[in-house]
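# Topology and contacts: notes
The chain contents come next:
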Amino acid sequence: MKTQFFKTIVVAFSIMTMLGLSSCSKDDYLPATPNDESLELGHEEWAKVTFRFHRGHLHGASFHGSPTNENVQYFKAVQEINYEYDASGNLITPETPIRLIKGEIYALEITYFGKNGERINSEFTSEINAPIHQHFFLTKNAKQINTDIDFANASTILDYVYRDTNPEDGMYSTAGVTLRAENDPIGLKGYFFVNQSYTQFDLNVILVHILKGNKWNGNGMPFPFNAPSNAFLGTQDLNIKIPIRVFANRPGNEDFDQFIQDIADEFNVSFDEAEADWLEAVETPFESGQYWM
């Protein structure tokens, strides 16, 4: 009986040893833990990004947005366009263009959202990420409006001024909100001058993520808004093309009727409807806007 008991213990121990060896061997072949790319980047990857264009004017170098009037249908003070990934990981690309007018000034504010819908702009302006992130704005595929004819002066259509604030979600002119240094642009905020009319193009917005070095040139200056170093383009956190149409000129007395006709043609409404919409917009107190940049 004692001998039989000993044999049972030996067999049980052997089985446990084999299982143990088998387990160790199995672990050796388990797939490696996937990398968390968001941690490697130092910020979360965006799931949605919003571009808000505000028409307005300048007080010195400060941008003051025109007031919003909900009754205005065509001559709007604010236009918004969104890009978002669906549940399958496909980027939803809107087709409705942003419409601009030559001679006007438009502020652009970019807002990123994470997978849970939270605002993540501050991740790009952190002490670690600010030196290696910058938005650039390029005009691509410029054509004469409503044609396939190349627009000859594509590179002169827009000028841009970086106008980032610290903190990034503060409105300039609010107590405690300051501007980032001119040599430290991010491009989450800024404003455009529209220099050319009757053109359509893609506004190619790129957010570079520099893996080696930083965003400054050898003289400690950033690259221009429309001329990133080619070395920056290897890694990008964003590369979006926004459809733009510059459909009219800011009017004077002599060409006011043409301006109204351009609105009518762009939105396929009558001259009278276009004029009524413009009057509705301009009758809103000009300096009552609350948006500052």
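Residues numbered from 1 in each chain as written. Predicted model: local features only at pLDDT ≥ 70, side-chain atom pairs only at ≥ 80, totals over all residues. Heavy atoms only, no water.

## A look at the overall build of the chain
Across its full length, the chain carries five helices and 13 strands. For the chain, restricting intrachain contacts to residue pairs at least 6 apart in sequence, the fraction spanning at least 24 positions comes to 76%. For the chain, the exposed surface amounts to about 16,600 Å²; the carbon and sulfur share of it is 52%. (Helix = DSSP H or I, 4+ residues; strand = E, 2+ residues; numbered from the N terminus. Contact = heavy atoms within 4.5 Å. Areas by Shrake-Rupley, 256 points an atom, 1.4 Å probe, with all protein chains shown as cover.)

## A few points about the pairing of strand 5 (residues 98-102)
Along strand 5, four of the five residues are buried, which leaves the element largely enclosed by surrounding structure. Examined bridge by bridge, strand 5 and strand 13 (residues 236-249) share five bridges and lie parallel to one another. If you follow Ile98 over to strand 13, its bridge partner there is Ile244. (Buried < 20%, exposed > 50% of the residue type's maximum accessible area, 1.4 Å probe, protein only. Pairing = 2+ DSSP bridges.)

## What about the pattern of salt bridges?
Under the defined criterion, the tally for this structure stands at eight salt bridges. Residue Glu80 is joined to Arg52 by a salt bridge in which the shortest nitrogen-to-oxygen separation is 2.5 Å. One end of the pair, Glu80, is in strand 3 (residues 78-85); the other, Arg52, is in strand 1 (residues 48-59), and 28 residues separate them in sequence. Linking Lys215 and Asp184 is a salt bridge whose minimum nitrogen-to-oxygen distance equals 2.8 Å. Residue Lys215 is found in the loop between strand 12 (199-209) and strand 13, and its partner Asp184 is found in the loop between strand 10 (178-179) and strand 11 (189-194); the two are separated by 31 residues along the sequence. Across this residue pair, the class does not change: Lys215 and Asp184 are buried. One salt-bridge network, held together by shared partners, links Arg99, Arg245 and Glu266. (Salt bridge = Lys/Arg side-chain N within 4 Å of Asp/Glu carboxyl O.)

## Remarks on the packing of helix 4 (residues 256-267) against helix 5 (residues 271-282)
It is at 8 Å that the axes of helix 4 and helix 5 come closest, and there the two elements cross at 105°. It follows from the interaxial angle that helix 4 and helix 5 lie roughly perpendicular. Along the contact surface, helix 4 presents Phe256, Asp257, Phe259, Ile260, Gln261, Ile263 and Ala264, while helix 5 presents Phe271, Ala274, Glu275 and Trp278. A per-class count over the contact of helix 4 with helix 5 returns eight nonpolar, one polar and two charged. (Axes fitted to C-alpha atoms, helices over the stretch in contact; angles between N-to-C directions. Parallel < 35°, antiparallel > 145°, perpendicular 65-115°, else oblique. Nonpolar A, V, L, I, M, F, W, Y, C, P; charged D, E, K, R; others polar.)

## So, the sheet that holds strand 7 (residues 133-144)
Across the sheet, which stays open at both edges, the four strands sit in the order 5-13-12-7 with mixed pairing between neighbours. Taken across any chain shown, the strands that pair with only one partner, and hence form the sheet edges, are strand 5 and strand 7. The sheet shows a mean angle of 30° between the axes of neighbouring strands, direction not considered. Helix 4 rests against strand 5 and strand 13 of the sheet, and its axis sits at about 125° to strand 13.

## Concerning unusual backbone geometry
Here the residue pair Asn166 and Pro167 is connected by a cis peptide bond, since its omega of 5° sits within 30 degrees of zero. Note on placement: Pro167 falls in the loop between strand 9 (165-166) and strand 10. One non-glycine residue, Asn146, lies in the positive phi region at around 65°. You can see Asn146 is positioned in the loop between strand 7 and strand 8 (158-162). Under the relative-accessibility criterion, Asn146 is labelled exposed at 61%.

## Concerning the environment of Phe223
Positionally, Phe223 belongs in the loop between strand 12 and strand 13. Residues Phe223 and Gln134 lie 89 residues apart in sequence; the distance between their C-alpha atoms is 9.2 Å. If we skip the residues at most four places from it in the chain, Phe223 touches Gln134, Phe136, Lys215, Trp216, Asn217, Pro228, Ser229 and Phe232.

## Concerning the nonpolar core
Among the nonpolar cores identified, the biggest contains 58 residues, and Phe51, Tyr112, Phe137, Leu203 and Ile242 are the most heavily contacted of them. Looking at this core, the element that brings in the most residues is strand 13, giving seven residues. Phe63, Ala107, Tyr191 and Met293 belong to the second largest nonpolar core, which has six residues in total. (Core = buried A, V, L, I, M, F, W, Y, C linked by side-chain atoms within 4.5 Å.)

## Looking at the packing of aromatic side chains
In total, this model carries 18 aromatic pairs according to the counting rule given. The interplanar angle of 55° and the centroid separation of 6.4 Å between the aromatic rings of Trp46 and Tyr112 together place this pair among those described as tilted. Of the two residues, Trp46 is situated in the loop between helix 2 (37-41) and strand 1 and Tyr112 in strand 6 (residues 105-113); the sequence distance between them amounts to 66 residues. Across the pair, Tyr112 and Trp46 agree in class, each one buried. Geometrically, the ring pair formed by Phe256 and Phe259 is tilted, given 6.4 Å between the ring centres and 45° between the ring planes. Note that Phe256 and Phe259 are positioned in helix 4 at a spacing of three residues, about one turn of the helix. (Phe/Tyr/Trp six-rings, centres within 6.5 Å; stacked < 30°, edge-to-face > 60°.)

The analysis is restricted to geometry; functional conclusions fall outside its scope.
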